[in-house]
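Spelled out from the first residue to the last, the chains are:
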Amino acid sequence: MSHSEGATTPCILNSKMPPKNLPNKLKQIRLKAGLSKTAIIRALNYKASPLYPSQISQLERGERQPPLLLVLAYAELGDTCLCVLADDELSLE
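We now turn to the structure provided with this report. (Residues numbered from 1 in each chain as written. Predicted model: local features only at pLDDT ≥ 70, side-chain atom pairs only at ≥ 80, totals over all residues. Heavy atoms only, no water.)

### Overview of the overall build of the protein chain
Next, step 1: A tally of regular secondary structure across the protein chain gives five helices and zero strands.
Next, step 2: Counted from the first residue to the last, the protein chain has its helices and strands arranged as α-α-α-α-α.
Next, step 3: Within the protein chain, buried positions represent 30% of all 93 residues.
Next, step 4: Excluding contacts between residues fewer than 6 apart, the proportion of contacts in the protein chain whose partners are at least 24 apart in sequence is 58%.
Next, step 5: Accessible area for the protein chain stands at about 6100 Å²; split by element, carbon and sulfur atoms hold 52% of it. (Helix = DSSP H or I, 4+ residues; strand = E, 2+ residues; numbered from the N terminus. Buried < 20%, exposed > 50% of the residue type's maximum accessible area, 1.4 Å probe, protein only. Contact = heavy atoms within 4.5 Å. Areas by Shrake-Rupley, 256 points an atom, 1.4 Å probe, with all protein chains shown as cover.)

### Quick look at unusual backbone geometry
Next, step 1: Unusually for a residue other than glycine, Asn45 sits at a positive phi of about 55 degrees.
Next, step 2: Relative to the assigned elements, Asn45 resides in the loop between helix H2 (37-44) and helix H3 (53-61).
Next, step 3: Look at Asn45 and you get partly exposed, because its relative accessible area is 48%.
Next, step 4: Positioned with a positive phi, Asp79 is a non-glycine residue whose angle comes to about 50 degrees.
Next, step 5: You can see Asp79 is positioned in the loop between helix H4 (68-77) and helix H5 (82-86).
Next, step 6: Here Asp79 falls in the exposed class, since its relative accessible area comes to 56%.

### Considerations on the nonpolar core
Next, step 1: In terms of nonpolar packing, the biggest core is built from 16 residues, with Leu44, Leu51, Ile56, Leu70, Tyr74 and Leu85 touching the most fellow members.
Next, step 2: Put simply, the parts of the chain that give this core at least two residues each are helix H1 (22-32), H2, H3 and H4.
Next, step 3: The leading source of residues in this core is H4, at five residues.
Next, step 4: Ignoring sequence-local partners within four residues, the contact set of Leu44 consists of Leu51, Leu70, Ala73, Tyr74 and Leu77. (Core = buried A, V, L, I, M, F, W, Y, C linked by side-chain atoms within 4.5 Å.)

### Quick word on the side chain of Arg30
Next, step 1: Here Arg30 is to be found in helix H1.
Next, step 2: Since its relative accessible area comes to 7%, Arg30 is described here as buried.

### Quick look at the packing of H1 against H3
Next, step 1: Where H1 contacts H3, the axes come no closer than 6 Å and their chain directions differ by 125 degrees. Between H1 and H3, the interaxial angle falls into the category oblique. Residues Pro23, Asn24, Leu26, Lys27 and Arg30 of H1 form the contact with H3, whose own contacting residues are Ile56, Leu59, Glu60 and Arg61.
Next, step 2: Among the residues forming the contact of H1 with H3, the class breakdown is four nonpolar, one polar and four charged. (Axes fitted to C-alpha atoms, helices over the stretch in contact; angles between N-to-C directions. Parallel < 35°, antiparallel > 145°, perpendicular 65-115°, else oblique. Nonpolar A, V, L, I, M, F, W, Y, C, P; charged D, E, K, R; others polar.)

### Examining H2
Next, step 1: When H2 is considered as a whole, its buried residues turn out to be Ala39, Ile40, Ile41 and Leu44.
Next, step 2: Looking at the buried side of H2, the elements it contacts are H1, H3 and H4.

### Let's talk about H4
Next, step 1: Residues of H4 that are buried: Leu70, Val71, Ala73, Tyr74 and Ala75.
Next, step 2: After H4 finishes, the residue Asp79 shows a positive phi value of roughly 50 degrees.

What follows is the structure, encoded as C-alpha coordinates:
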(Lines give C-alpha, C1' and ligand atoms only; values in the text may rest on other atoms or scores of the structure.)
Protein backbone atom coordinates (compact mmCIF):
# COMPACT_ATOMS: atom_id res chain seq x y z
CA MET A 1 0.00 0.00 0.00
CA SER A 2 1.40 3.40 -0.92
CA HIS A 3 1.27 6.36 1.44
CA SER A 4 -1.27 8.05 -0.82
CA GLU A 5 -3.75 5.22 -0.17
CA GLY A 6 -4.59 6.16 3.38
CA ALA A 7 -1.52 5.13 5.33
CA THR A 8 -1.71 5.75 9.05
CA THR A 9 1.89 6.88 9.51
CA PRO A 10 1.79 10.24 11.29
CA CYS A 11 3.38 13.12 9.47
CA ILE A 12 5.89 14.85 11.70
CA LEU A 13 7.31 17.99 10.16
CA ASN A 14 10.15 20.05 11.51
CA SER A 15 9.36 23.62 10.51
CA LYS A 16 12.86 24.83 11.40
CA MET A 17 14.80 22.48 9.13
CA PRO A 18 14.00 21.72 5.51
CA PRO A 19 13.91 18.00 4.72
CA LYS A 20 17.37 16.83 3.67
CA ASN A 21 16.01 14.17 1.31
CA LEU A 22 13.55 16.42 -0.51
CA PRO A 23 15.90 17.30 -3.40
CA ASN A 24 16.56 13.60 -4.09
CA LYS A 25 12.86 12.76 -3.83
CA LEU A 26 11.98 15.49 -6.33
CA LYS A 27 14.55 14.07 -8.74
CA GLN A 28 13.25 10.52 -8.16
CA ILE A 29 9.73 11.65 -9.08
CA ARG A 30 10.98 13.23 -12.30
CA LEU A 31 13.11 10.25 -13.29
CA LYS A 32 10.41 7.71 -12.41
CA ALA A 33 8.03 9.62 -14.67
CA GLY A 34 10.67 9.51 -17.42
CA LEU A 35 10.65 13.29 -17.80
CA SER A 36 13.38 15.71 -18.75
CA LYS A 37 13.73 18.92 -16.78
CA THR A 38 11.86 20.75 -19.53
CA ALA A 39 9.09 18.14 -19.69
CA ILE A 40 8.49 18.10 -15.93
CA ILE A 41 7.82 21.82 -16.02
CA ARG A 42 4.88 21.15 -18.35
CA ALA A 43 3.75 18.08 -16.39
CA LEU A 44 3.71 19.93 -13.06
CA ASN A 45 1.38 22.57 -14.52
CA TYR A 46 2.66 25.01 -11.89
CA LYS A 47 1.13 28.43 -12.54
CA ALA A 48 2.30 30.49 -9.52
CA SER A 49 5.49 31.61 -11.28
CA PRO A 50 7.51 30.62 -14.34
CA LEU A 51 9.79 27.59 -13.95
CA TYR A 52 12.96 26.96 -15.91
CA PRO A 53 15.13 23.85 -16.31
CA SER A 54 17.93 25.56 -14.35
CA GLN A 55 15.54 25.98 -11.40
CA ILE A 56 14.64 22.28 -11.54
CA SER A 57 18.37 21.52 -11.37
CA GLN A 58 18.76 23.80 -8.35
CA LEU A 59 15.81 22.13 -6.61
CA GLU A 60 17.22 18.66 -7.28
CA ARG A 61 20.63 19.67 -5.92
CA GLY A 62 19.15 21.29 -2.82
CA GLU A 63 20.40 24.73 -3.79
CA ARG A 64 16.91 26.19 -3.80
CA GLN A 65 13.90 25.56 -1.56
CA PRO A 66 10.69 24.92 -3.49
CA PRO A 67 7.49 26.74 -2.58
CA LEU A 68 4.80 24.61 -0.96
CA LEU A 69 2.53 24.69 -4.02
CA LEU A 70 5.36 23.32 -6.15
CA VAL A 71 6.02 20.51 -3.66
CA LEU A 72 2.30 19.71 -3.77
CA ALA A 73 2.47 19.57 -7.58
CA TYR A 74 5.39 17.13 -7.35
CA ALA A 75 3.46 15.02 -4.82
CA GLU A 76 0.48 14.84 -7.17
CA LEU A 77 2.67 13.97 -10.15
CA GLY A 78 4.46 11.30 -8.11
CA ASP A 79 1.17 9.93 -6.74
CA THR A 80 2.36 10.40 -3.17
CA CYS A 81 1.44 12.57 -0.23
CA LEU A 82 3.16 15.70 0.95
CA CYS A 83 4.23 13.95 4.16
CA VAL A 84 6.36 11.48 2.23
CA LEU A 85 8.21 14.34 0.57
CA ALA A 86 8.55 16.35 3.77
CA ASP A 87 9.56 13.56 6.13
CA ASP A 88 13.12 12.26 5.77
CA GLU A 89 12.11 9.04 7.56
CA LEU A 90 9.68 8.10 4.76
CA SER A 91 10.68 6.90 1.30
CA LEU A 92 8.92 7.12 -2.04
CA GLU A 93 8.97 3.35 -2.42
